[in-house]
Amino acid sequence: MIEIELPDGSKLVFEDETNVKEIASRIAKSLEKNAVGALFNGEIIDLHTPIVESGKIRILTPKDKESLEILRHSAAHILAKAVKNVYGHDKVKLGIGPATEEGFYYDFDLPVSISEEDLERIEKEMERIVKAKEPFRREKVTREKAKELFKDDPYKLELLESIPEGEEITIYWLGEDFFDLCKGPHVEHAGMVKAFKLLSVAGAYWRGDSRNKMLQRVYGTAFWKKKELDEYLHRLEEAKKRDHRVLGKQLDLFSIYEEAGPGLVFWHPNGAIIRQEIEKWVEEEHKKRGYQRIYTPHIMKADLWKTSGHYSFYRENMFFVPVVEHDEEERLGNDEVPLTKEEVEKAHWYAVKPMNCPGHILIYKSQVRSYRDLPIRFFEFGTVYRYEKSGSLHGLLRVRGFTQDDGHIFCRPDQLKEEIQGVLDYVMELLSTF
Ligand SMILES: [Zn+2]
Ligand SMILES: [Zn+2]
């Protein structure tokens, strides 16, 4: 017996396996008509996902924000099928295609590169699938059958491998000639995905790992209503005009040079004025809150970072500097290599700081402190460098060098609560001011 609890606390009882469609029809005819899925025990499921255990349910209609995930995940499948139809079913290997906060994407491995112009062609094919109202259909399969179905899809086989033994494996059909390894949720048929748009295409490593192959990720978005889509696209256009990279050029604020290194920012006089104003504000706020300003070095011995733990956990994101005694006379005019192999072997290693914590802790440790001295609040405009992957760099938002208003508080356990409140209070002040 399965007991389903509705949001108002009332309960429906089912003898056997049920699904959202059946539950909705028991509640009201109108709900059955409008339902697109449900939140069941915290998970979004579609109308036909079998419900085999008791739990709490909230039925979703297009009015509920959560229902967008069902729509967008369905749009991703339609995109995948369209790309296969356009480029050839045997030429396209599928990666993953989830719904996201803003829309959906799908990753493809295919011999030709998809250009922005091609998106229109793919959209046309998606529209055809939508017009034909091709149905989504869930099918439970055995692991053996799944292996057979996806034998030409290496990425799907890899995903299949990661499904734990004993867990249910399902595929979703879209029409008669396309299926995807998928847990759902999906709408009943493609005709429900009326308001969608493909937005861009970009490279994305399989499973986000740069050692893997770079796939082509097509981004899009979908809404239940055309009006909502239009509003979203309009907002996107407006945001583009206000993109900080565009403003940075227009207002002569900052620049970044390939020849100097990606992700390293040069502040122009106009940008420096803005930066100084922000620094002044931040400094004032910290003083008000009892922080003392300090300065710490930009490079420190690698061993210090071993003590702090950064070395073992963060090493691949750190810049290292070898320090060697060498005979400069011999090397004059030789620009080939900065160091010989022998010099590298003899080098003492320093690290460029990716964080300021060890420096602040050294200052704290510089004398015996009494519990009566606490809390001690240190604060620094700490310029740090982090080796971010070049693919993730983005204007001023993701860089390899930046200055933090970094603070560290040394306090007693009984002061913790107040100190944390103080930090949150500062963060709120900062966010609401800018
Ligand atoms: Zn799916
Ligand atoms: Zn820190």
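Residues numbered from 1 in each chain as written. Chains lettered and ligands numbered in written order. Predicted model: local features only at pLDDT ≥ 70, side-chain atom pairs only at ≥ 80, totals over all residues. Heavy atoms only, no water.

1. Remarks on helix α3 (residues 67-87)
How we decide: A helix here means a DSSP run of H or I that spans at least four residues, while a strand means a run of E at least two residues long, and both kinds are numbered starting from the N terminus. Multiplying 1.5 Å by the residue count of a helix minus one yields the expected span of that helix. Note on exposure labels: buried denotes an accessible area under 20% of the residue type's maximum, exposed denotes more than 50%, and partly exposed covers the range between, all computed with a 1.4 Å probe on protein chains only.
With 21 residues, α3 ought to run about 30 Å at 1.5 Å a step, and its terminal C-alpha atoms sit 31 Å apart, in line with that. Within α3, 18 of the 21 residues are buried, which leaves the element mostly enclosed by the surrounding structure. Looking one or two residues beyond α3, the residue adopting positive phi is G88, at roughly 105 degrees.

2. Quick word on unusual backbone geometry
Here G184 and P185 are connected by a cis peptide whose omega angle stands at 0 degrees. Here P185 lies in the loop between β10 (179-181) and β11 (195-205). In the segment running from L374 into P375, the intervening peptide bond is cis, with an omega of 0 degrees. Within the secondary structure, P375 sits in the loop between α14 (357-365) and β19 (376-385). A positive phi angle, close to 60 degrees, is found at D252, a residue other than glycine. Considering the arrangement of structural elements, one finds D252 in the loop between α8 (244-250) and β13 (254-256).

3. Topic: the coordination of the zinc ion (ligand 1)
Short version of the rule: Think of the donor list as every N, O and S atom within 2.8 Å of the metal, or within 3.2 Å for Na, K and Ca; water never makes the list, so a site can look incomplete.
Taken together, the protein ligands of the zinc ion (ligand 1) are H73 (NE2), H77 (NE2) and C182 (SG), with distances of 2.0 to 2.3 Å. Mapped onto the sequence, the residues coordinating the zinc ion (ligand 1) show the spacing H-x3-H-x104-C. On the criterion of helical spacing, the pair formed by H73 and H77 is a turn pair, its members being four residues apart in helix α3. By relative accessible area, which is 1% here, H77 ends up buried.

4. Some points on the nonpolar core
The following threshold applies: In this description, a nonpolar core means a group of buried Ala, Val, Leu, Ile, Met, Phe, Trp, Tyr and Cys residues linked to one another through side-chain atoms lying within 4.5 Å. As used throughout, domain bounds are those supplied by an automatic or database domain assignment. Contacts are residue-level and defined by heavy atoms, with any inter-residue pair within 4.5 Å sufficient.
Ranked by internal contacts, the top residues of the largest apolar core, which has 43 residues, are I78, L79, F108, I114, I122 and M126. Those elements that place two or more of their residues in this core are α3, β7 (104-109), α4 (118-131), β11, β12 (214-223) and α7 (226-241). Counting residues per element, this core draws most heavily on α3, at 11 residues. Of the residues that make up this core, three or more belong to each of domain 1 (2-60) and domain 2 (67-241). Excluding residues within four positions of it along the chain, M126 makes contact with A75, I78, L79, A82, F104, F196 and L198. The next biggest cluster of nonpolar side chains, apart from the first, holds 16 residues, and it includes I4, A35, I45 and I59.

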